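# Coordinate inspection notes
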Amino acid sequence: MKVAERPAAGGAEGALVLFHGRGADEYDLLPLLDELDPERRLDGFCPRGPLALPPGGAHWYVVPRVGYPDPPSFAVGYGAACEFVDSLPHRRIMLGGFSQGAVLALSVGLGAGRPKPAAVIAFSGFLPEVEGWELGEAPWPPIAIGHGTYDPVIPVEFAHRARERLEAAGAAVLYREYPLAHAIDPGFVADIRAWLPRATTFS
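Residues numbered from 1 in each chain as written. Predicted model: local features only at pLDDT ≥ 70, side-chain atom pairs only at ≥ 80, totals over all residues. Heavy atoms only, no water.

### Quick word on the pairing of strand β3 (residues 43-47)
Note the threshold: Relative accessible area decides the class of each residue, using a 1.4 Å probe on protein chains only: under 20% of the type maximum gives buried, over 50% gives exposed, and in between gives partly exposed. Strands are runs of DSSP state E lasting at least 2 residues, helices are runs of H or I lasting at least 4, and numbering of each runs from the N terminus. Strand pairing is defined by DSSP finding a minimum of two bridges between the two strands. Here is how to tell: hold the view so the strands point away, follow the path from the first strand over the helix to the second, and if it runs clockwise the crossover is right-handed.
The buried fraction of β3 amounts to five of the five residues, a majority that puts the element mostly inside the structure. Neither face of β3 is left uncovered, since the one carrying D43, F45 and P47 and the one carrying G44 and C46 both have all their residues buried. Judged from the four bridges that link them, strand β1 (residues 3-6) and β3 form a sheet pairing that is antiparallel. Directly across from E5, in β3, lies its bridge partner F45. Where strand β2 (residues 15-19) lies against β3, three bridges are found, and the strand directions are parallel. Bridged to V17 within β3 is F45. Taken together, β2, helix α1 (residues 30-36) and β3 form a β-α-β motif whose crossover is right-handed.

Listed below in structure tokens is the structure:
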């Protein structure tokens, strides 16, 4: 798997893994590592999705319908993402992503039988409905979800469902909506930047 990396400034206190969206690549979210972790306390990683699909770029799974990934291709992307995260030597691992990558972050971080990360950040994503994946159980890591109210790609209702499902399961969710389309809000990034050290109990 191709991976863009941004090392910590000194001894790493953990790792931050960001999964890109549909049709992007491993460099797409690389600048976001410094936005979320400006002091470079964490080793940063941006893996590339394993699938090459029309109209181009890298993908984590095929999208027959928003919210319902294609099961065989999802198994490939999910498996590759889990394998990468599990290969990291860090004790604390934070997962995040945008769009399709947010789906991967939520799936890898919160799936049944998966090791719990230190935190999960989802920009414009959803909890998938797909054969072969189930939501895990408490104890939950800190979770942050942000979504644009005018998103035409993944409607904000998917964020509502994710929040409701997670809170019903006992998770604490930092939730933000913002007046944007399918995009990452700088204001929410600032919120995450302040939230992340507290959420992961860094001193």
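### Brief notes about the environment of G111
Applicable threshold: Between two residues, a contact is recorded if the distance between any of their heavy atoms is within 4.5 Å.
Topologically, G111 is positioned in the loop between α3 (100-110) and β7 (119-123). Taking the C-alpha atoms as reference points, G111 and G136, 25 residues apart in sequence, are found 4.8 Å from one another. Sequence-distant contacts of G111, that is, excluding residues within four places in its chain, are made with Y78, L106, W133, E134 and G136.

### A look at the packing of aromatic side chains
Our working rule: Here the aromatic set is Phe, Tyr and Trp, taking the six-membered ring for Trp, and pairing holds for ring centres within 6.5 Å; pairs whose planes are under 30 degrees apart are stacked, those over 60 apart are edge-to-face, and all others are tilted.
Tallied over the full model, the rule gives seven aromatic pairs. Arranged with centres 5.5 Å apart and planes meeting at 10 degrees, the rings of F74 and Y78 form a pair that is stacked. Of this pair, F74 and Y78 both sit in helix α2 (residues 71-87), separated by four residues, roughly a single helical turn. Like Y78, F74 is buried. When the centroid spacing of 5.5 Å and the interplanar angle of 80 degrees are considered together, the rings of F123 and F188 count as edge-to-face. With F123 in strand β7 and F188 in helix α5 (residues 186-199), the pair connects residues that are 65 residues apart, well separated along the chain. Each member of the pair F123 and F188 is classed as buried. Taken together, Y61, F74 and Y78 form an aromatic cluster joined through their ring pairs.

### As for the pattern of salt bridges
Using the following cut-off: When a carboxyl oxygen of Asp or Glu is within 4 Å of a side-chain nitrogen of Lys or Arg, the pair counts as a salt bridge.
This model, assessed by the stated rule, comprises ten salt bridges. Across the pair E35 and R193 runs a salt bridge, and its minimum N-O distance is 3.7 Å. Of this pair, E35 sits in helix α1 while R193 sits in helix α5, placing them 158 residues apart in sequence. Residue E35 is classed as partly exposed on the basis of its relative accessible area, which comes to 42%. With relative accessibility at 30%, the residue R193 sits in the partly exposed group. Between D191 and R176 there is a salt bridge, with the nearest N and O atoms lying 3.1 Å from each other. With D191 in helix α5 and R176 in strand β9 (residues 173-178), the pair connects residues that are 15 residues apart, well separated along the chain. Several salt bridges converge on common partners, so that one network encompasses R6, D34, D37 and R40.

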